[in-house]
Structure formats: structure tokens, C-alpha cells
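Residue-level structure breakdown
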Amino acid sequence: MGAGGREVSISLDGVRDKNLMQLKKLNTALFPVRYNDKYYADALASGEFTKLAYYCDICVGSIACRLEKKEGGAVRVYIMTLGVLAPYRGLGVGTKLLNHVLDLCMKQNIGEVYLHVQTNNEEAIKFYKKFGFEITETIHNYYTNITPPDCYVVTKFVAQPQTKK
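Just so you know, these numbers come straight off a predicted model, no measurement behind them. (Residues numbered from 1 in each chain as written. Predicted model: local features only at pLDDT ≥ 70, side-chain atom pairs only at ≥ 80, totals over all residues. Heavy atoms only, no water.)

1. Section: the overall build of the protein
Within the protein, the secondary structure is distributed over four helices and seven strands. Starting at the N terminus, the α and β elements of the protein follow one another as β-α-α-β-β-β-α-β-α-β-β. Over its C-alpha atoms the protein spans a radius of gyration of 16 Å, differing by no more than 12% from the 15 Å that the globule rule assigns to 165 residues. A principal-axis box enclosing the C-alpha atoms of the protein has dimensions of 50 × 50 × 30 Å. Counting only residues that meet the buried cut, the protein has 44% of its 165 residues in that class. When contacts within the protein are restricted to residue pairs at least 6 apart in sequence, long-range pairs at least 24 apart make up 61% of them. Approximately 9800 Å² of the protein is accessible, and the part contributed by carbon and sulfur atoms is 51%. Distance from the positive charge centre (21 side chains) to the negative charge centre (16 side chains) of the protein: 4 Å. (Helix = DSSP H or I, 4+ residues; strand = E, 2+ residues; numbered from the N terminus. Rg over C-alpha atoms; globule rule 2.2 N^0.38 Å. Buried < 20%, exposed > 50% of the residue type's maximum accessible area, 1.4 Å probe, protein only. Contact = heavy atoms within 4.5 Å. Areas by Shrake-Rupley, 256 points an atom, 1.4 Å probe, with all protein chains shown as cover. Lys, Arg positive; Asp, Glu negative; His and termini not counted. Charge placed at Lys NZ, Arg CZ, Asp CG, Glu CD.)

The following block contains the structure:
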């Protein structure tokens, strides 16, 4: 619900060549890192796992993932970026983006989702913990041009639906 008790429209849209510039502009506004062509190729290749979020038809956030094959053939999802423009935080946009990816993981039997979070980003760490993510590793000097340079690996193991016998 939005201000005044009205239902607020948050919609998700896929990222394609024709709207890739939206993702690039959001990333420039949201993150202290510049992303290379491989990032955008991975985002496009992930299909439904990369989305733009619109709040009342204004593009305000995104999630971009990469699908990775683990040893043994299992697939896991790496969240490359999840961000919402500051004035639109706390309205459920990030929650909708993350839940979209977690729901896809359940439907596609993907058991692991992970990401890197800068160690001083307490807001992000708190956000992911609400969804059952846990800090599973600390990597020192992960980032090159930002301070602090350290990050946490934050992981969620997605419970798979039980098949009825």
C-alpha cells in the first residue's frame, strides 16, 4: 500500500537490447563501480533472472543475475547487482525484485543464490538477512577502487518444494 492507503503499482520488465540503456543508467546512479560489457552480456543471457522495476511507470530499480554451473552440473544464481534509487527505497521495490528471483529458483530447482556485499553496507546486509541469506565468507581486497575494499559473500540455500509421493 502506498501513501493514503492506495495500492501502488510496482511492475517488473525483462531486460532486452532495446532497454539495456535503462539498466546502464540505473547502475551509474546506484553503484560506485563501472560495469563492463561482460556484465551486460551475462545479464541479458540470464533471461528472466534480470529485471527492471517500475514504480508508477518510472524505472526505479533493477536486479541483474548470472547463472553459473557448479561442479557436478548444478546451477546457482549470482546476483551481480540489486539496486533501487534512494527516493524509492522502503516501498517494496527491492523486495519484489529479490522475491522474483527466489521464486524462479524454486520453480527451476536452483538451490543456491549468492552475492557480494561491501562490508560496510549494513543496509544491504540487513535487507538480505530478512530473506534468509547468511554471511558465508569474507573476501579481503575484493574491490579495487572503493573503501573499504572488503566484501562478504552472502548466500541463501533455497529450499526446494517437496515432490508428493
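2. Digging into the UniProt feature "domain: N-acetyltransferase" (unreviewed entry) in the protein
Per the UniProt record, the feature "domain: N-acetyltransferase" (unreviewed entry) sits at residues 10-159. In this annotation, residues 10-159 is assigned 29% helix and 35% strand; the end-to-end C-alpha distance for the span is 26 Å. (UniProt positions renumbered as here; feature names shortened; annotations may be inferred.)

3. A word on the layout of surface pockets
By volume, the largest pocket amounts to about 1300 Å³. Residue lining of the largest pocket: 43 residues in total, with F31, L82, N121, A124 and Y128 positioned closest to the centre. For the lining of the largest pocket, the secondary-structure elements that each account for two or more residues are α2 (37-45), β4 (75-84), α3 (93-107), β5 (112-118) and α4 (122-130). (1 Å grid on protein atoms, 1.4 Å probe; cavity = no way out; pocket = protein on both sides within 12 Å on 5 of 7 lines; lining within 4 Å. Points joined across faces, edges and corners; volume = space filled by probe spheres on them.)

4. Thoughts on the pattern of salt bridges
Within the structure shown, the criterion is met by eight salt bridges. For R66, the salt bridge identified is with D42, shortest N-O distance 3.8 Å. Residue R66 is found in strand β3 (residues 58-69), and its partner D42 is found in helix α2; the two are separated by 24 residues along the sequence. When the shortest N-O distance is used, the salt bridge between E112 and R76 registers 3.2 Å. With a gap of 36 residues between them, E112 in strand β5 and R76 in strand β4 connect regions that are remote in the sequence. (Salt bridge = Lys/Arg side-chain N within 4 Å of Asp/Glu carboxyl O.)

5. Things to note about α4
Of the residues making up α4, those classed as buried are A124, I125, F127 and Y128. All buried residues of α4 lie within an arc of 160 degrees about the axis, which places them on one face of the element. Exposed side chains of α4 directed beyond 90 degrees from the buried face belong to E122, E123, K126 and K130. Close packing links the buried residues of α4 with β4, α3, β5, β6 (134-139) and β7 (151-157). G132, located one to two residues past α4, shows a positive phi value of around 90 degrees. (Arc of directions from axis to C-beta.)

6. Topic: the side chain of E112
Its relative accessible area of 9% is what places E112 among the buried residues. Side chain to side chain, E112 and R76 meet in a polar contact 3.2 Å long. If we ignore the near neighbours within four places in the chain, the residues touching E112 are K70, R76, V77, T155, K156, F157 and V158. (Polar contact = N/O pair within 3.5 Å; in protein donor to acceptor, adjacent residues only side chain to side chain.)

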